[in-house]
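Close look at the chain arrangement
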Amino acid sequence: MIRIEDVSLSFGGIRAVDGCSFEVAEGSITGLIGPNGAGKSTLFNIVAGLLKPDAGRIVFDGEDITGLPPHTLFHRGLVRTFQIPHEFYRMTVRENLMLVPPEQAGENLFASWFSWGRVKRQDADVLDKVDEVLAFLNLTHVADELAGNLSGGQKKLLDLGRTMMTDARMVLLDEPGAGVNRTLLGAITTAIRRLNEERGYTFCLIEHDMDVIAELCDPVIVMAQGTVLTQGPMSEVRSNPDVREAYLGHAETEDAG
Ligand SMILES: Nc1ncnc2c1ncn2[C@@H]1O[C@H](COP(=O)(O)OP(=O)(O)O)[C@@H](O)[C@H]1O
Ligand SMILES: [Mg+2]
């Protein structure tokens, strides 16, 4: 579904992504792991159109999408989740979901994510869809809470809810488990699995929690120093000595300050 072909990007002298190639198959939940600084987030930002690579291509559904802006990709069903912008904290959960009506077309869709005044808030179809998304994610009981009052995990569920309002097909998730308590982490992994199985979402997921990766992801891509170190099922990746060394090598660097 997505093919990353020999992509590179440097920041100044730092080769953040360095000749990276892999594929995310349609219908998969593909994990992307690797030590801090491996280039995972930078690669995501390239795929999502937020950064342009120095070299290489991104192919989505057989089409070269390299350098296309996020809103164009968004219309094709390729979405990277973002933290809720701070100004949205003063709106309710329900209102946050209304910002992303499914049938709104044109270039304004992506912009409407950031400017809620444009959205026709009384549209019955949108209201029904919001209720359905709230129920799917077990957020109905907090529908009228201000988004800012949600826990970290509930905010991440709301991020997923926003992708559901757009009928995404391919979702990039950067560390959905970070800073989330165990109970809500379970709710997030359940939501990811159900979106995959019941709605046909394809996911590419960066996550530090190896239990989450082992539970959800096949295959797992391991990045180190901007490129792919190895890939395969978690059971294989886990026992690969090169992977252990990449993580340990990094830990030693950190310890050394
Ligand atoms: N905007 C930026 N400007 C300069 N260097 C950056 C920037 N973003 C990332 N880097 C550097 O690129 C490398 C890869 O970072 P990143 O993609 O965040 O890795 P990961 O998500 O795997 O931890 C790191 O060395 C990081 O310091
Ligand atoms: Mg990162």
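Residues numbered from 1 in each chain as written. Chains lettered and ligands numbered in written order. Predicted model: local features only at pLDDT ≥ 70, side-chain atom pairs only at ≥ 80, totals over all residues.

What counts is decided by this rule: UniProt positions are given in the numbering used here, feature names are shortened, and annotations may be inferred rather than shown by experiment.
The name given to the chain in an unreviewed UniProt entry is Branched-chain amino acid transport system ATP-binding protein, and the organism recorded there is Amorphus orientalis. The Sequence similarities (unreviewed entry) comment attached to the chain in UniProt states, word for word, "Belongs to the ABC transporter superfamily."

1. Details of the environment of valine 220
The test is simple: By the criteria applied, helices consist of DSSP H or I runs no shorter than four residues and strands consist of E runs no shorter than two, each listed in order from the N terminus. For every residue pair, C-beta atoms are placed from the backbone, and the pair is scored as a contact if these atoms sit within 7 Å.
Along the chain, valine 220 turns up in strand S9 (residues 220-224). Discounting chain neighbours no more than four positions away, the residues touching valine 220 are Gly31, Ile33, Ile213, Gln231, Gly232, Met234 and Val237.

2. Regarding unusual backbone geometry
Residues aspartate 218 and proline 219 are joined by a peptide bond in cis, for which omega reads 5°. Positive phi values are uncommon outside glycine, yet asparagine 138 reaches one of about 60°. Even without a glycine there, the phi angle at glutamate 175 is positive, about 55°. Mapping glutamate 175 onto the fold places it in the loop between strand S7 (170-174) and helix H7 (182-199).

3. Let's talk about the sheet that holds S7
Our working definition: Paired strands are those between which DSSP finds at least two bridges. Axis definition: a line fitted to C-alpha atoms, limited for helices to the stretch in contact. Angles are taken between N-to-C directions and run from 0 to 180 degrees.
Reading across from one edge, S6-S7-S8-S3-S9-S10 is the order of the six strands in this open sheet, with mixed pairing throughout. Because the sheet does not close on itself, it has two edges, and the strands there are strand S6 (78-80) and strand S10 (227-232). Averaged over neighbouring strand pairs, the angle between their axes works out to 20° when direction is ignored. In this structure, S6 lies alongside S7, joined through three bridges in parallel fashion. Across the sheet, the residue bridging to valine 79 is valine 171, located in S7. In the packing of helix H1 (residues 40-47) onto the sheet, contacts are made with strand S3 (29-33), S6, S7, strand S8 (202-206) and S9, and the angle to S7 comes to roughly 150°.

4. Section: the confidence of the model for the chain
Going by this rule: For every residue, the predictor states its confidence as a pLDDT score lying anywhere from 0 to 100.
For the chain, the mean per-residue pLDDT works out to 86, and 85% of the residues sit at or above 70. Across residues 101-119, confidence stays below pLDDT 50; counting only partners more than four residues off in sequence or on other chains, it has 29 contacts. Throughout residues 252-257 the model reports pLDDT below 50, and contacts reaching past four residues in sequence, or to other chains, amount to zero contacts.

5. Some words on the pairing of strand S2 (residues 14-24)
Examined bridge by bridge, strand S1 (residues 2-11) and S2 share seven bridges and lie antiparallel to one another. Bridge pairing links serine 10 to arginine 15 in S2. Between S1 and S2, which pair antiparallel in sequence order, lie two residues; one of them, glycine 12, sits at a positive phi of approximately 60°.

6. As for the environment of glutamine 154
Residue placement: glutamine 154 occurs in helix H6 (residues 152-165). The spacing of glutamine 154 and leucine 137 is 17 residues in sequence and 9.2 Å in space, taken between C-alpha atoms.

7. Overview of the site of ligand 1
Our working rule: A residue counts as near a molecule or strand when its C-beta atom, positioned from the backbone, falls within 6 Å of it. Under the scheme applied here, ten amino acids are nonpolar (Ala, Val, Leu, Ile, Met, Phe, Trp, Tyr, Cys and Pro), four are charged (Asp, Glu, Lys and Arg), and all others, including Gly, are polar.
Around ligand 1, the neighbouring residues are Phe11, Ile14, Ala16, Gly34, Asn36, Gly37, Ala38, Gly39, Lys40, Ser41 and Thr42. Broken down by secondary-structure element, the contributors of at least two residues to the shell around ligand 1 are S2 and H1. Ranked by residues supplied to the shell around ligand 1, first place goes to H1 with three residues. Split by residue class, the shell around ligand 1 holds four nonpolar, six polar and one charged.

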